[in-house]
Amino acid sequence: MWPGANTDQSVQATSSGWILKYFREVGHFGRYQKARLVLLSIPILVGVLHLYIQVFAAGKSDYWCKSWKNESCQDLNITQVQCEETKKEISIPLKESTSNQTETEFEQCVKYNLTGLDFEAVIAGKETPVDKIRCDDGWVHDKSVFPSTIIIDFELVCSKSYLPNVLQSVYFDGLLVGSSAFGILADTAVQSLVYDGLSLSTSSLEIDPYISFFISGAIEVPAYFACMFAAEWLGRKGSTFSTTLLGDILCCLIPFIRSDLARVAVATAGKFFITMSYSIVFTWGTELFPTALRSSGLGLLSMSSRIEGIAAPLILIFGEVWPTLPNLIFGSFSITAGFLCLLLPETKGKPLSSSTRDIKLFYRLVTGAT
């Protein structure tokens, strides 16, 4: 029977007895357990590399319509870089200014109609293009940060700009199938290293993407240590709710911050709390499921997170309509989930259940149902 008010001590004593016997047989956290932990970490690291390579393989950079491709700047006595910049300035119209715009931005999908115009005459100001047309001869890409990406190589821009997000969603489709098919083989640590939203959007913080990616990954180390103390001090429910809420609020503030340094600081703090929350959730989930269903239950948790992973890249496409919209969608759903977790029972200090019958008794004790 699941322990009630009068049987807690006896059950815990019995549990402690067989646990101590088990440890006497297999040993504590010794050489074998450490080697097993290291070996189990290898496939996790490989999976993380496959996931996060998209930050760089599909990294975004500036681009504009290609024009004057057969024209040379040899007679102008300027470098090739200066020549390309000059072609851009005389053939690409400026974007309409907005209240949030801090610097001059050029259009990316349209250019001036240069038919019948002379290159040197346009540079000298003797001829001025007026009409605008869509890019009809390819694009020029800024390769100062990313020399080659799938966006550059396959020109996934303008009318095709949504395709990298769709491909990323397809990748998570595969993770969903894997979680469903092999969830019964899951280990409690296998799926707790994936934090889709903030990790995959590090290149959008408008600073060096390599630095922002390093910061985003490094902040997870103290977060892992902090979540252990938070889960003990605040309990599983309190720590999950508080870290989720704090992380979501900070992430929702990112679009409204104009300073690059402040954006990085807020995004890093948000990643810190989201990492804590994600780690605690899997520990809490382990304790909520009975032994007979624990592996399958963790597979279900992992599968559920993949559904979010599939939807996230597609929701990012809404940013083309309003840049702030994806963050508001993510934030509203996540904050709602944070409050819903308050409906689940606290498992701190409770013995693990071994069967569905134990779970039913546990919920009766928590809710007071008969």
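Just so you know, these numbers come straight off a predicted model, no measurement behind them.

(A) Quick peek at the UniProt feature "transmembrane region" (unreviewed entry) in the protein. Per the UniProt record, the feature "transmembrane region" (unreviewed entry) sits at residues 37-59, 210-231, 238-258, 264-285 and 325-344. With 95% helix and 0% strand, residues 210-231 has its two end C-alpha atoms placed 32 Å apart. Within residues 325-344, the helical portion is 80% and the strand portion 0%, while the C-alpha atoms at the span's ends are 30 Å from each other.

(B) Spotlight on the state of the cysteines. Counted according to the given criterion, the structure contains 3 disulfides. Linked covalently through their sulfurs, Cys 65 and Cys 135 form a disulfide whose S-S length is 1.6 Å. What sets the handedness of the Cys 65 and Cys 135 disulfide is the S-S torsion sign, and at about -60° it is left-handed. With Cys 65 in strand β1 (residues 63-65) and Cys 135 in the loop between β3 (132-134) and β4 (139-141), this pair connects stretches of sequence that are 70 residues apart. Like Cys 135, Cys 65 is buried.

(C) Here's a closer look at a nonpolar patch on the surface. On the surface, Val 221, Phe 225, Met 228, Phe 229, Trp 233 and Leu 234 cluster together into a nonpolar patch covering about 710 Å² of accessible area. Here Leu 234 shows up in the loop between α10 (220-233) and α11 (235-253).

(D) Quick look at the pattern of salt bridges. Counted under the stated rule, the structure contains 7 salt bridges. Between Asp 137 and Lys 69 there is a salt bridge, and its shortest N-O distance comes to 3.3 Å. Separated by 68 residues along the polypeptide, Asp 137 in the loop between β3 and β4 and Lys 69 in the loop between β1 and α4 (80-91) bring together distant segments of the chain. Between Arg 236 and Glu 287 there is a salt bridge whose closest N-O contact spans 2.8 Å. Within this pair, whereas Arg 236 is found in helix α11, its partner Glu 287 is found in helix α12 (residues 260-288), the two being separated by 51 residues in sequence. Of the residues examined, Glu 287 reaches a relative accessible area of 17% and is grouped as buried. Linked through salt bridges whose partners overlap, the residues forming this network are Glu 232, Arg 236 and Glu 287.

(E) Up close: the environment of Trp 139. By secondary structure assignment, the location of Trp 139 is in strand β4. Judged by its relative accessible area of 18%, Trp 139 is buried. Taking C-alpha positions, Trp 139 is 8.6 Å from Cys 109, a pair spaced 30 residues apart along the chain. Once residues lying within four places of it in the same chain are set aside, the contact partners of Trp 139 are Tyr 63, Trp 64, Cys 65, Lys 66, Gln 108, Cys 109, Glu 155, Val 157 and Cys 158. At a separation of 3.2 Å, a polar atom in the side chain of Trp 139 contacts the main-chain carbonyl oxygen of Gln 108.

(F) Structural context of unusual backbone geometry. Not every positive phi belongs to a glycine, and Trp 68 is a case in point at roughly 50°. Mapped onto the elements, Trp 68 comes out in the loop between β1 and α4. The backbone phi angle of Glu 155 is positive, close to 50°, even though this residue is not glycine. Along the chain, Glu 155 falls in the loop between α6 (150-153) and α7 (163-182). Here Glu 155 falls in the partly exposed class, since its relative accessible area comes to 26%.

Basis of the calculations
Residues numbered from 1 in each chain as written. Predicted model: local features only at pLDDT ≥ 70, side-chain atom pairs only at ≥ 80, totals over all residues. Heavy atoms only, no water. UniProt positions renumbered as here; feature names shortened; annotations may be inferred. Helix = DSSP H or I, 4+ residues; strand = E, 2+ residues; numbered from the N terminus. Disulfide = S-S within 2.5 Å. Buried < 20%, exposed > 50% of the residue type's maximum accessible area, 1.4 Å probe, protein only. Patch = residues over 30% accessible without salt bridge, like charges linked within 9 Å, V, L, I, M, F, W, Y side chains within 5 Å. Areas by Shrake-Rupley, 256 points an atom, 1.4 Å probe, with all protein chains shown as cover. Salt bridge = Lys/Arg side-chain N within 4 Å of Asp/Glu carboxyl O. Contact = heavy atoms within 4.5 Å. Polar contact = N/O pair within 3.5 Å; in protein donor to acceptor, adjacent residues only side chain to side chain.

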